[in-house]
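Understanding the architecture of this molecule
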Amino acid sequence: MEQPRKAVVVTGFGPFGEHTVNASWIAVQELEKLGLGDSVDLHVYEIPVEYQTVQRLIPALWEKHSPQSHGRSAFVHVPPLGKPYNADQLGRALRAIIEEMLDLLEQSEGKINYCHKH
């Protein structure tokens, strides 16, 4: 039986202060190139570094895509580009982190479903 597709929303921040390029958005763009496999719909967005925009935009994205993260999310701190990791390495690290989180979600949901059968 084919598993249902999963939706994953990943955001990166835009430029701020003296940073004309934000490493988080570079990492997300690299992740988009790599993908998360055929069973995952990956949606990526660049978010301005502005509290009110984040407060408005994130709930709208959750409403639009209904991601796996079910109101759950994670903040991943990304080091500056080249200090020491390049764009490809940042993208691969982000993919590994998200794949691990998806595995953990699947395990916890499996346990919840198993408990409800009794």
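Use the structure listed above.
Presented here is an overview of the structure given in this document. (Residues numbered from 1 in each chain as written. Predicted model: local features only at pLDDT ≥ 70, side-chain atom pairs only at ≥ 80, totals over all residues. Heavy atoms only, no water.)

1. Looking at the overall build of the chain
Spelled out, the test is: By definition, any uninterrupted DSSP run of H or I lasting at least four residues is a helix, any uninterrupted run of E lasting at least two residues is a strand, and each is numbered from the N terminus. Burial classes follow relative accessibility: with a 1.4 Å probe on protein chains only, a residue under 20% of its type's maximum area counts as buried, one over 50% as exposed, and anything between as partly exposed. Values of accessible area rely on a 1.4 Å probe in the Shrake-Rupley scheme; residue burial ignores everything except the protein chains shown.
Per the secondary structure count, the chain includes three helices and two strands. Reading the chain from its N terminus to its C terminus gives the helix and strand order β-α-β-α-α. Every one of the 118 residues in the chain was classed for burial, and the buried ones make up 30%. Only carbon and sulfur atoms are counted for the fraction: they give 55% of the accessible area of the chain, which is about 8300 Å².

2. Some thoughts on the pairing of strand β1 (residues 6-13)
As a reminder of what qualifies: Two strands pair if DSSP finds at least two bridges between them. By convention, orient the strands away from the viewer: a clockwise path from the first strand over the helix to the second makes the crossover right-handed.
Within β1, six of the eight residues are buried, which leaves the element mostly enclosed by the surrounding structure. As judged from the eight bridges shared by β1 and strand β2 (residues 40-47), these two strands associate in the parallel manner. For glycine 12, the partnering residue across the bridge sits in β2 and is glutamate 46. In this view, the connection linking β1 to its parallel neighbour β2 by way of helix α1 (residues 23-34) has right-handed handedness.

3. Overview of α1
In plain terms, the rule: The span one expects for a helix is its residue count, reduced by one, times 1.5 Å.
Helix length check: α1, at 12 residues, gives a terminal C-alpha distance of 17 Å against a target of 16 Å (1.5 Å per residue), a fit within 8%. One or two steps after α1, the chain reaches glycine 35, where phi turns positive at roughly 75 degrees.

4. Comments concerning the environment of isoleucine 26
For clarity, the threshold we go by: Note on contacts: a residue pair is in contact if any heavy atoms of the two residues lie within 4.5 Å.
Secondary-structure assignment places isoleucine 26 in helix α1. The class for isoleucine 26 is buried, based on a relative accessible area of 18%. In this structure the C-alpha to C-alpha distance between isoleucine 26 and glycine 12, which are 14 residues apart in sequence, comes to 7.7 Å. Excluding residues that lie within four positions of it along the chain, isoleucine 26 makes contacts with Val21, Leu81 and Ala87.

5. Observations concerning the nonpolar core
Quick reminder of the rule: The nonpolar core is taken to be a set of buried Ala, Val, Leu, Ile, Met, Phe, Trp, Tyr and Cys residues, with the residues joined through side-chain atoms within 4.5 Å.
Judged by nonpolar contacts, the single largest core of 15 residues is most densely connected at Val8, Val10, Val28, Leu31, Leu36, Leu94 and Ile98. No other element matches α1, which puts five residues into this core. Here valine 28 is in contact with Val10, Thr11, Gly12, Val44 and Leu94, once residues within four sequence places are set aside.

6. Concerning the pattern of salt bridges
For clarity, the cut-off: A side-chain nitrogen of Lys or Arg and a carboxyl oxygen of Asp or Glu constitute a salt bridge if their distance falls within 4 Å.
Across all of its chains, the model carries four salt bridges by this definition. Where lysine 33 meets glutamate 30, a salt bridge forms, and the shortest distance between an N and an O atom there is 2.9 Å. With lysine 33 and glutamate 30 both in helix α1 and three residues apart, the pair spans about one turn of that helix. Look at lysine 33 and you get exposed, because its relative accessible area is 65%. What makes glutamate 30 buried here is its relative accessible area of 14%.

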